[in-house]
Amino acid sequence: MTVCLLMLAVLSASAQEKPQKWYDNIKFSGYGMLQYQAQDKEDAKSNTFNLRLLRMILDGKVGEFDWRAQVQGTNAKGPGEPTVQLVDLYTEWVAHKEFKVRVGQFKRPFTFENPTHPITQGWRGYADVINRLSGFGDRAGEKSSGGRDIGIQVQGDVFPNSNGRALLHYQVGVFNGEGINRSDKDNRKDIIGGVWVMPIQGVRVGVFGWTGSHGGMTTMNGTNESVGLNRYCISAEYDKDEYTFRAEYLHSQGLGSGVVGNTTINYALGDKADGWYVFGIVPVVESKLHAKARYQTYRKSKEWGTSLNSCEVGLNYFFTKNLQLNFEYARVNDRTLAADKHNYNLVDMELDFRF
């Protein structure tokens, strides 16, 4: 709260003083996500309102450099526990679109879905495989980091066609490998990168790779060691004129705890996991009502007996471009549960706004 109030104070003071050129390049924005969710999962029924997310953002520009500072508040950990944290803090040299350099804390350059805005993404949450293999509630055991890490990255758009539209994008970065707001535990860095082609307007087809380690993991002998990590992703997307279709497959090799924030290796999980999702969002009434459907699977041990699957349908209604109501129904199949309890229903509604 102190950080947020300071951000507002700076903006208020700058508005009262004589305008200076660099003030004109600062923008304050944010968004909130209010949620109702219910499920009839056996022995774990729930029916609750949630404050899913609040973000407050400062964006600015100094010469040839852009910068961002973003603070997040959420009730994910529950009352009485710290729920406000810095999620983004970086600057990027943007003088040339073919070669940009970003330094600080920001989204890992892995998958199409990870860097997608939580509201624009359009669902009750990122796909399960994205959450578990892209640095959210990661299988490796690091604390939930919203798909982010601390490091340095280069990226660019190259090979423009006759209309000046780039046909290829590349990005590669070097990171601590420990998630947000944490220094490197083993002095070994993660290397993450991706490349995609854009043959026609709205279409992207890409591949991503990630190799590195996760430090400070406790083995069965009680010693602390680094655990290697190797992942890849294959992605395809069409996004144009309010039509969005996306499919991704992720594969991971490397031991982990399987529990967010837990550093003890769970050898029973094995060292492989994978998953995929495919969805479509289409306009029913232009700029007003969208229909959507998604299928997803995550296999925490790369075996069907450990899979979490769901078929989902829903609607997104836009009161204005900055206020929307989302509804979603999911039929979930969790094969890690007892045989007669595999299937359950989930309903989610969200009111999302931007400012």
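Residues numbered from 1 in each chain as written. Predicted model: local features only at pLDDT ≥ 70, side-chain atom pairs only at ≥ 80, totals over all residues. Heavy atoms only, no water.

1. So, the overall build of the chain
- Regarding its fold elements, the chain presents two helices and 16 strands.
- For the chain, the C-alpha radius of gyration of 21 Å lies close to 20 Å, the compact-globule estimate for 355 residues.
- Looking at the chain alone, contacts between residues at least 24 apart form 55% of all its contacts between residues at least 6 apart.
- Carbon and sulfur atoms provide 60% of the accessible area of the chain, an area that totals close to 17,300 Å².
- In the chain, 41 side chains carry a positive charge and 39 a negative one; their mean positions are 1 Å apart. (Helix = DSSP H or I, 4+ residues; strand = E, 2+ residues; numbered from the N terminus. Rg over C-alpha atoms; globule rule 2.2 N^0.38 Å. Contact = heavy atoms within 4.5 Å. Areas by Shrake-Rupley, 256 points an atom, 1.4 Å probe, with all protein chains shown as cover. Lys, Arg positive; Asp, Glu negative; His and termini not counted. Charge placed at Lys NZ, Arg CZ, Asp CG, Glu CD.)

2. Overview of the environment of Gly30
- Inspection of the secondary structure puts Gly30 in strand β1 (residues 27-39).
- With relative accessibility at 6%, the residue Gly30 sits in the buried group.
- When the C-alpha atoms of Gly30 and Val227 are compared, they prove to be 37 Å apart, with 197 residues separating the residues in sequence.
- Ignoring any residue separated from it by four or fewer positions in sequence, one finds Gly30 in contact with Arg55, Met56, Ile57, Phe353, Arg354 and Phe355. (Buried < 20%, exposed > 50% of the residue type's maximum accessible area, 1.4 Å probe, protein only.)

3. Section: the side chain of Thr219
- Within the secondary structure layout, Thr219 lies in the loop between β9 (203-218) and β10 (224-240).
- For Thr219, the side chain forms a polar contact with the side chain of Thr223, separated by 2.8 Å.
- Beyond its immediate chain neighbours, meaning those up to four positions away, Thr219 contacts Glu225, Ile265 and Tyr267. (Polar contact = N/O pair within 3.5 Å; in protein donor to acceptor, adjacent residues only side chain to side chain.)

4. Looking at the pairing of strand β13 (residues 289-299)
- Note that strand β12 (residues 272-285) and β13 share 11 bridges and pair antiparallel. Counterpart to Trp276 in the pairing with β13 is Thr297.
- The antiparallel pairing of β12 with β13 creates a hairpin that spans three residues between the two strands, and Ser287 there sits at a positive phi of about 65°.
- With 11 bridges joining them, β13 and strand β14 (residues 307-320) adopt antiparallel strand pairing. (Pairing = 2+ DSSP bridges.)

5. Observations regarding the packing of aromatic side chains
- If you walk through the whole model with that rule in mind, you get 17 aromatic pairs.
- Centroid distance Tyr90 to Phe106: 5.8 Å. Interplanar angle 75°. Geometry classified as edge-to-face. A residue pair is termed long-range when its members are at least 10 positions apart, and Tyr90 in strand β4 (residues 84-96) and Phe106 in strand β5 (residues 99-107) qualify at 16 residues. Across this residue pair, the class does not change: Tyr90 and Phe106 are buried.
- A centroid spacing of 4.8 Å and a plane angle of 40° characterise the contact between Tyr126 and Phe136, whose relative ring orientation is tilted. (Phe/Tyr/Trp six-rings, centres within 6.5 Å; stacked < 30°, edge-to-face > 60°.)

6. Topic: the pattern of salt bridges
- Within the structure shown, the criterion is met by 20 salt bridges.
- Lys341 serves as the salt-bridge partner of Asp43, at 3.0 Å between the closest nitrogen and oxygen. Within this pair, whereas Asp43 is found in the loop between β1 and β2 (46-62), its partner Lys341 is found in the loop between β15 (323-334) and β16 (343-354), the two being separated by 298 residues in sequence.
- Under the relative-accessibility criterion, Lys341 is labelled partly exposed at 29%.
- Across the salt bridge formed by Arg108 and Glu142, the nearest N and O atoms sit 3.0 Å from each other. You can see Arg108 sitting in the loop between β5 and α2 (128-133) and its partner Glu142 sitting in the loop between α2 and β6 (148-160), a full 34 residues away along the chain.
- Exposure remark for Arg108: the relative accessible area of 1% places this residue in the buried category.
- Residues joined in a network through salt bridges with shared partners are Arg124, Lys292, Arg294, Glu312 and Glu328. (Salt bridge = Lys/Arg side-chain N within 4 Å of Asp/Glu carboxyl O.)

7. Re the pairing of β14
- Both β14 and β15 contribute to a ladder of 12 bridges, which runs antiparallel. Paired with Asn316 across the two strands is Asn326, which belongs to β15.
- A loop of two residues connects β14 with β15, the two strands running antiparallel in sequence.

8. Some words on the nonpolar core
- Counting residues in hydrophobic clusters, the biggest one holds 26 residues, and the most contacted among them are Phe110, Val129, Ile130, Leu133, Phe208, Leu250 and Tyr277.
- At the level of elements, α2, β7 (166-175), β8 (190-197), β9, β10 and β12 are the ones that each hand at least two residues to this core.
- Here this core takes four residues from β12, the largest share from any one element.
- In terms of nonpolar packing, the next biggest core, distinct from the first, is built from five residues, Tyr31, Met33, Leu53 and Ile119 among them. (Core = buried A, V, L, I, M, F, W, Y, C linked by side-chain atoms within 4.5 Å.)

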